[in-house]
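Architecture at a glance
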Amino acid sequence: MEKKWVPEVMTLLKQDIIKVPEVINEASGILIFGKKIRSIIFTTDISIIRNTNADAVIAVYPFTPHPAITKSIIEAADIPVFSGVGGGLTQGTRSVYMSMFAEAQGSLGVVLNGPTPIETIQSVCDVVDIPVISTVTSKYTPLDDKLKAGVSLINISAGKETPATVKYFREKYPELGIIATGGPTEEVIGETIKAGANAITYTPPSNGELFSKKMLKYREQEKKDML
């Protein structure tokens with residue numbers, strides 16, 4: 001089939017946006033309320049969130065979830081947000097309230113960490129009307145009870161074992177929506193998609209790395225201007 005030409009509009013000030021790897025377009029995507037999500041950028045940096053071509057953002061972080069953080073990210077984002085609501089150290093009533101806040105503030109879905117007790121998952125699923133996503137860290141993660149409790153999607157983050165873990169759960173649950181970390185190269189991302197991932201999370205360069213490249217460019221330009 002002939003590839004269709006796609007018009008692109010870009011401005012001078014938007015040329016440095018973070019573009020996700022093109023191989024992610026090979027994923028089937030996940031339809032959530034009519035929106036197809038293939039690429040999900042993994043960051044809580046609102047400057048990066050405002051300057052990316054990813055379809056969505058997954059905003060999870062290694063601290064106790066707080067409504068102010070969720071609110072700030074959603075207000076800054078011009079793409080859908082999946083908000084972390086705990087499940088590790090933060091469980092029970094706080095995770096339930098965080099989920100309610102996240103939905104009220106406009107989150108497309110909420111993300112629970114791997115250790116989340118079934119009781120917390122059930123309580124969250126009872127109060128929100130958006131997808132509840134459960135994080136999976138290995139093929140040994142028990143899923144049956146979590147799915148019965150109301151989990152809609154899983155987010156596989158198993159390090160170098162991610163493609164194998166995706167393959168394991170895809171074979172076990174053929175119709176389950178699977179999000180998975182993409183890995184450091186397009187080759188690994190491709191393997192993860194072939195293994196059965198419907199959507200891929202992409203970790204962008206840090207602000208420090210991006211600034212380092214930009215400052216190098218500025219220094220080289222100054223040097224040319226002086227010659």
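First, a word on what this report is: a plain description of the structure on this page. (Residues numbered from 1 in each chain as written. Predicted model: local features only at pLDDT ≥ 70, side-chain atom pairs only at ≥ 80, totals over all residues. Heavy atoms only, no water.)

Structural notes on the pairing of strand β9 (residues 177-181)
Rule in force here: Here the term buried applies to any residue with accessible area under 20% of the maximum for its type, exposed to any over 50%, and partly exposed to those in between, with areas from a 1.4 Å probe on protein chains only. Only DSSP runs of H or I covering at least 4 residues are called helices, and only runs of E covering at least 2 are called strands; the numbering of each starts at the N terminus. Should DSSP find at least two bridges between two strands, the strands are regarded as paired. Handedness of a crossover: with both strands directed away from the viewer, a clockwise path from the first strand across the helix to the second marks it as right-handed.
In terms of burial, β9 is largely enclosed, as 4 of its 5 residues are buried. Where strand β8 (residues 153-156) lies against β9, 4 bridges are found, and the strand directions are parallel. The residue of β9 that forms the bridge with I154 is I178. Bridge count for β9 against strand β10 (residues 199-202) is 3 bridges, and the pairing is parallel. Bridge pairing in β10 links T181 to T201. Handedness of the crossover joining β9 and β10 through helix α7 (residues 186-195): right-handed.

Here's the deal with a nonpolar patch on the surface
The criterion, for reference: Two joining distances apply to patches: 9 Å for like charges and 5 Å for nonpolar side chains (Val, Leu, Ile, Met, Phe, Trp, Tyr), and every residue must have over 30% relative accessible area and no salt bridge. Accessible surface area values rest on a Shrake-Rupley calculation with a 1.4 Å probe, where residue burial reflects the displayed protein chains alone. A pair is scored as a salt bridge if a Lys or Arg side-chain nitrogen falls within 4 Å of a carboxyl oxygen belonging to Asp or Glu.
Taken together, Y97, M100, F101 and V127 make up a surface patch of nonpolar side chains, about 370 Å² in accessible area. In terms of residue count, helix α3 (residues 92-105) provides more of the nonpolar patch than any other element does, 3 residues in total. As for its position among the elements, V127 is in helix α4 (residues 118-127). Looking at V127, the relative accessible area reads 38%, which means it is partly exposed.

Any link to function would need more than the numbers given here.
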